[in-house]
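# An overview of the molecular structure
Spelled out, the chains give:
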Amino acid sequence: MFKTVLIILVILLLILSVYLLVVNNKQSIKITQQESDIEALNVYVQSLNDKLKNYEQDSEIGVAIPKTQQIRDLLDNYLRDRNKRDSGIDISISTEELREDLEEFQLRQRFIPNQIPIKKDFVVSQSFSENHKGIDYAAQLGAEVVAAASGVIKSNYEDKYFGNVIIIDHLNHYITFYAHLARTFHQEGFFVEKGQVIGLVGSTGFSKYPHLHYEVIYRGENFNPEDLIE
């Protein structure tokens, strides 16, 4: 009888030991993820501080004219010079047509994912291939990830393999996919502008190092993002 009780106690102790080991392992993984998240946020905060310093410096010397405004100024100068040469010709319609063409072009470009989706320094650690339907950008933990084009966040979820994921619908049959993020900043249904920060580079999910896995899908088919990037 005593021997039976002793065996039962040993078995219970073994079960308890295994349970505690599993719990400790899960807590250890959670703590590691939290530490990684905190580190990524610290890097992001530092980058915001750097931007603030640069903004203050730009304010003192004057902010550079945006490229869009430069295009408009060049167009105005061209039309003004042409008007001087051909003062007898009414070109007001041509001016309006050129402006409409410019605005239409800019609108199309706004929703085409042709921007690199990561800021700061990065290295392409894995290229697009038949077996890898995207590009991996290895970068510093906490580096800013930006929307490659304007659109609506279609999904924001956590995946066992891809970790924290954001999917953006660009409303023109283009969809972009951003994975292994340390942190995401916007929920489903949120409209983001091209170049707007949507998350931070991380190593969540099945990942051995901080990087962004990025995909471009057009009409349901993946293709090499580099074919679009300017």
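The notes below deal with the structure included here. Computed from a predicted model, the values in this text were never measured in an experiment.

A separate point is the overall build of the protein chain. When helices and strands are tallied, the protein chain shows 3 helices and 10 strands. For the protein chain, the α and β elements follow one another from N to C terminus as α-α-α-β-β-β-β-β-β-β-β-β-β. Pairs at least 24 residues apart make up 63% of the contacts formed inside the protein chain by residues separated by at least 6 positions. On the protein chain, roughly 15,000 Å² of surface is accessible, and the fraction owed to carbon and sulfur atoms is 57%.

The next subject is a nonpolar patch on the surface. A surface patch of nonpolar side chains, about 190 Å² in accessible area, is lined by Ile116, Phe122 and Val124. Counting through the fold element by element, Val124 comes out in strand E1 (residues 122-126). A relative accessible area of 33% places Val124 in the partly exposed class.

Generally, phi is negative for residues other than glycine and the peptide bonds are trans, each holding for most cases. Even without being glycine, Lys120 reaches a positive phi, approximately 65°. Tracing the backbone through its elements, the reader meets Lys120 in the loop between helix H3 (92-110) and E1. Accessibility expressed as a relative area gives 45% for Lys120, which makes it partly exposed. Residue His180 is not a glycine yet carries a positive backbone phi of 65°. By secondary structure assignment, the location of His180 is in strand E6 (residues 174-184).

Here the focus is the packing of aromatic side chains. Evaluation of the coordinates by the stated rule reveals 9 aromatic pairs. Look at Tyr137 and Tyr214: their rings are 6.5 Å apart centre to centre, the planes differ by 45°, and that puts the pair in the tilted class. A residue pair is termed long-range when its members are at least 10 positions apart, and Tyr137 in strand E2 (residues 135-139) and Tyr214 in strand E9 (residues 211-218) qualify at 77 residues. Considered together, Tyr137 and Tyr214 belong to a single accessibility category, that of buried residues.

Val145, Ile166, Ile168, Tyr178, Ile198, Leu212 and Tyr214 are the most contacted members of the largest nonpolar core, which has 21 residues in total. Every element with two or more residues in this core is listed here: E2, strand E5 (163-169), E6, strand E8 (197-201) and E9. When neighbours within four sequence positions are excluded, Ile198 is seen to be in contact with Val145, Val146, Ala147, Ile166, Ile168, Tyr178, Arg183, Thr184, Phe185, His186 and Val192. Residues Val146, Ala182, Val197 and Leu200 belong to the second largest nonpolar core, which totals 7 residues.

The next point concerns the environment of Lys133. Residue position: Lys133 is located in the loop between E1 and E2. By relative accessible area, which is 37% here, Lys133 ends up partly exposed. With 84 residues separating them along the chain, Lys133 and Ile217 place their C-alpha atoms 9.3 Å apart. Within the structure, the side chain of Lys133 is placed 3.0 Å from the backbone oxygen of Glu130, a separation counted as a polar contact.

With that settled, consider the pattern of salt bridges. A pair can form between side chains of opposite charge whenever their charged atoms are brought close. One pass over the structure, following the stated rule, counts 2 salt bridges. Across the pair Lys119 and Glu144 runs a salt bridge, and its minimum N-O distance is 3.8 Å. A residue pair is termed long-range when its members are at least 10 positions apart, and Lys119 in the loop between H3 and E1 and Glu144 in strand E3 (residues 144-146) qualify at 25 residues. Residue classification places Glu144 among the buried residues on the basis of a relative accessible area of 5%.

Let us now look at the pairing of E9. By the criterion of burial, E9 is predominantly enclosed, with 7 of the 8 residues buried. The sheet contact formed by E6 and E9 spans 6 bridges and is antiparallel. Note on E9: the bridge partner recorded for Thr176 is Val216. Across 3 bridges, the pairing between E9 and strand E10 (residues 221-223) is antiparallel. Its bridge partner being in E10, Tyr218 is matched across the sheet by Glu221.

Procedures and definitions
- Residues numbered from 1 in each chain as written.
- Predicted model: local features only at pLDDT ≥ 70, side-chain atom pairs only at ≥ 80, totals over all residues.
- Heavy atoms only, no water.
- Helix = DSSP H or I, 4+ residues; strand = E, 2+ residues; numbered from the N terminus.
- Contact = heavy atoms within 4.5 Å.
- Areas by Shrake-Rupley, 256 points an atom, 1.4 Å probe, with all protein chains shown as cover.
- Patch = residues over 30% accessible without salt bridge, like charges linked within 9 Å, V, L, I, M, F, W, Y side chains within 5 Å.
- Salt bridge = Lys/Arg side-chain N within 4 Å of Asp/Glu carboxyl O.
- Buried < 20%, exposed > 50% of the residue type's maximum accessible area, 1.4 Å probe, protein only.
- Phe/Tyr/Trp six-rings, centres within 6.5 Å; stacked < 30°, edge-to-face > 60°.
- Core = buried A, V, L, I, M, F, W, Y, C linked by side-chain atoms within 4.5 Å.
- Polar contact = N/O pair within 3.5 Å; in protein donor to acceptor, adjacent residues only side chain to side chain.
- Pairing = 2+ DSSP bridges.

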